[in-house]
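Read off the chains here:
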Amino acid sequence: MPRNPSTGVYSKPAGTTPSVGQVIDPVPWNALTTDLGNEITNSLPRDGSAPMVAPLKAASGTVSAPGVGFASNPQTGLHLKGGGLLGFTQNGVDVAFDKASVYAAKSGDYTALASDDNAVHRFTAAATLTLTAAATLGANWHYAVIADGGDVTIDPNGSETIDGAASLVVPNGYSAFIICSGSAFFTDRMASTLKTVAASAPAGHIYGLTLSNNAGDPTNSIDIAAGAAASDGTTPVLMSLASTLIKVGNVEWAVGSGNGWLDTVAIADGWYYPYIIARSDTGVVDSLLSASATSPTMPGSYDRKRRIGALLRVSGAWVSFVQDGDFFAYKVPTTDVSTIATSAALRTLKVPPAFPVMARIVAQIANTGGAIANINHWDPTLGTSLPSAATGFGQNFVNNPVSQAFSREMDIRTNSAGQIYNVASSTSFNFYTISTQAYFDTRGRFN
């Protein structure tokens, strides 16, 4: 009779307990010796010379007395934890092991669940990651998010916080490791630290953000190329535009490409000033158009700005131009000035009137015979008197007293009303004009 398979207890066959003088019955004794042989065969050799042929069933054990231990250290080994989980104990202390990491790609909004513990999710588009309640996820729940296609906004449940804030934006190209305390969420601060480092910028820094007339709607829309600029103010922060933004100038502002641009409800002819703007709470970057060169009416929650150019609207449409860095050239220059006198006078050019710029002009003069005429143009900051040659800003045209025409391109700095001085030594000529070809705008780099 072999061992009981449930308890492992061995019971001898009946008739195998002899007494003195008893004649031994070979049948039960043969059964006994057969059983003993079988059980010896089924026992695991202590020297390890033979393996188990069926699963080894150990005692459940506890943290302090594991079901499988070691002779030299019985408090180190394996035990069965609650819920059928395998526990590892070392010197009577539970050893925790993380769950296997699981990777998945997400293309839109997602809610992180308890089953996502130790998951790594890569978001391939801008999305909102909603976190299940911290109490439900439990202490030590952790999760990694990679923003690889757009900003990912992490939104905890209800009034719960992440790094002490109501939400956290993981900018495109960054990642964050999130851990739950059971009541709140925290990150490794890598995204915010790198963002802070990347966001710092020297005052006046600007790169890209080139403006151009939109091909599909040149009348009202302007394209803003990708780029970055430091915000104005005493503590500049970098504002980055990842891709081209199209804004519609005759429509009131709304966030996003293809939407309105204007900080007021109506537009008219005249000069307008585009800005790059950003929100410090979410990091969202957009653009705004205003008739003010210094104080646009900012949309709600947007608290960073930087002027990136100036645009002229004539007859209900944007004037066509080409920008190359700080250089803005008109595709079709027009005559701006046709008046000059023998006394110096201010003349207005087709340049932004809110701040001085370096204007590139072409001045032309012609006559059919008459006296010599010296035509001069200069920066108003040099005063009302004609500057001497030593200043380098007086520009002279000499007409001989015969039929003659002469033109010259020059760069003259304007005042903050878009004006320069001109004067003629004589007005005995019959033609004079100034056309503004282009201007240099430092785009707020120094103010």
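Look up a bit, the structure's there.
Residues numbered from 1 in each chain as written. Predicted model: local features only at pLDDT ≥ 70, side-chain atom pairs only at ≥ 80, totals over all residues. Heavy atoms only, no water.

A. How the structure looks around the pairing of strand S2 (residues 85-90). Of the pairings in the sheet, the one linking strand S1 (residues 77-81) to S2 comprises 5 bridges and is antiparallel in character. Residue pairing across strands places Leu 80 opposite Leu 86, the latter belonging to S2. In sequence, S2 turns back onto strand S3 (residues 93-95) through a hairpin of 2 residues, with Asn 91 there showing a positive phi of about 55°. (Pairing = 2+ DSSP bridges. Helix = DSSP H or I, 4+ residues; strand = E, 2+ residues; numbered from the N terminus.)

B. Geometry of the sheet that holds strand S5 (residues 110-112). Spatially, the 4 strands line up as an open sheet ordered S5-S7-S9-S10, and their pairing is mixed. Looking at the sheet topology across the chains shown, the edges are occupied by S5 and strand S10 (168-170). For this sheet, the mean inter-axis angle between neighbouring strands, taken without regard to orientation, is 25°. Here S5 pairs with strand S7 (residues 127-131) via 3 bridges, running parallel. The partner of Tyr 110 across the bridge, within S7, is Leu 129. (Axes fitted to C-alpha atoms, helices over the stretch in contact; angles between N-to-C directions.)

C. Looking closely at a nonpolar patch on the surface. Together, Val 68, Leu 78, Leu 86 and Phe 88 make up a nonpolar patch on the protein surface, roughly 310 Å² of accessible area in all. With respect to the secondary-structure elements, Val 68 resides in the loop between helix H1 (26-42) and S1. A relative accessible area of 37% places Val 68 in the partly exposed class. (Patch = residues over 30% accessible without salt bridge, like charges linked within 9 Å, V, L, I, M, F, W, Y side chains within 5 Å. Areas by Shrake-Rupley, 256 points an atom, 1.4 Å probe, with all protein chains shown as cover. Salt bridge = Lys/Arg side-chain N within 4 Å of Asp/Glu carboxyl O. Buried < 20%, exposed > 50% of the residue type's maximum accessible area, 1.4 Å probe, protein only.)

D. Looking closely at the pattern of salt bridges. Overall, the coordinates contain 8 salt bridges when judged by the stated rule. In this structure, Asp 281 engages Arg 279 in a salt bridge whose closest nitrogen and oxygen atoms are separated by 2.7 Å. The partly exposed category is assigned to Arg 279, whose relative accessible area is 22%. Put simply, Asp 326 and Arg 443 hold a salt bridge, and the shortest N to O gap is 2.9 Å. Here Asp 326, found in the loop between strand S25 (321-324) and strand S26 (327-330), pairs with Arg 443, found in the segment after strand S34 (431-440); they are 117 residues apart in sequence, far enough to count as distant.

E. Structural view of unusual backbone geometry. For Asn 91, which is not glycine, the phi torsion reads 55° and is therefore positive. Its location among the elements puts Asn 91 in the loop between S2 and S3. Even without glycine at this site, Ser 315 takes up a positive phi of about 55°.

F. Main features of the packing of aromatic side chains. Under the definition given, this model contains 11 aromatic pairs. Both rings, one in Trp 271 and one in Tyr 439, keep their centres 6.1 Å apart while their planes meet at 75°; by these two values the pair is edge-to-face. Of this pair, Trp 271 sits in strand S20 (residues 270-278) while Tyr 439 sits in strand S34; the two residues are 168 residues apart in sequence, bridging distant segments of the chain. Given the relative accessible area of 16%, Trp 271 is considered buried. Summarising the aromatic geometry, the rings of Trp 378 and Tyr 421 are spaced 5.4 Å apart at their centres and angled 25° between planes, so their arrangement reads as stacked. You can see Trp 378 sitting in strand S30 (residues 373-378) and its partner Tyr 421 sitting in strand S33 (residues 419-424), a full 43 residues away along the chain. No difference in accessibility class separates Trp 378 from Tyr 421, as the two residues are buried. Through a chain of ring-to-ring contacts, three or more aromatic side chains come together here, namely Trp 271, Phe 321, Phe 328, Tyr 330 and Tyr 439. The ring of Tyr 110 carries the charged tip of Lys 106 above its face, separated from the ring centre by 4.1 Å. Sitting over the ring of Tyr 302, Arg 279 keeps its end group 5.9 Å from the ring centre. (Phe/Tyr/Trp six-rings, centres within 6.5 Å; stacked < 30°, edge-to-face > 60°. Lys NZ or Arg CZ within 6 Å of the ring centre and 35° of its normal.)

G. Examining the side chain of Lys 106 more closely. Here Lys 106 lies in strand S4 (residues 102-106). Despite being buried, Lys 106 has no salt bridge partner; Asp 116 is the closest side chain of opposite charge, sitting 6.1 Å away. When near neighbours in sequence (up to four residues on either side) are disregarded, Lys 106 contacts His 121, Arg 122, Phe 123, Thr 124 and Ala 125. (Lys, Arg positive; Asp, Glu negative; His and termini not counted. Contact = heavy atoms within 4.5 Å.)

H. Expanded view of the sheet that holds strand S8 (residues 142-147). With mixed pairing, the 5 strands of this open sheet are ordered in space as S4-S6-S8-S11-S12. Among the strands making up the open sheet, the edge pair consists of S4 and strand S12 (185-187). The sheet shows a mean angle of 25° between the axes of neighbouring strands, taken without regard to direction. Two strands pair when backbone bridges link them, and strand S11 (residues 175-180) and S12 are joined in this way by 3 bridges, in the antiparallel orientation. When the sheet's bridge partners are listed, Ile 179 is paired in S12 with Phe 186.

I. Spatial organisation of the side chain of Lys 247. Summarising the element assignment, Lys 247 is placed in strand S18 (residues 245-252). At 2.7 Å, the side chain of Lys 247 and the backbone oxygen of Ala 254 are in polar contact. (Polar contact = N/O pair within 3.5 Å; in protein donor to acceptor, adjacent residues only side chain to side chain.)

J. Main features of the environment of Leu 56. Structurally, Leu 56 is set in the loop between H1 and S1. Relative accessible area serves as the criterion here: at 65%, Leu 56 is assigned to the exposed category. As a C-alpha pair, Leu 56 and Gly 138 span 82 residues in sequence and 34 Å in three-dimensional space.

K. Region of the structure containing H1. Across its 17 residues, H1 extends 24 Å between first and last C-alpha, which sits within 8% of the 24 Å expected from 1.5 Å per residue. Where H1 is concerned, the buried positions are Pro 28, Leu 32, Asp 35 and Glu 39. For H1, the arc enclosing every buried residue in end-on projection is 65°, short of the 170-degree limit, so these residues lie on one face. Residues of H1 that are exposed and point more than 90 degrees away from the buried face comprise Val 27, Ile 40 and Thr 41. (Expected span 1.5 Å × (residues − 1). Arc of directions from axis to C-beta.)

Honestly, it's all geometry; don't read function into it.
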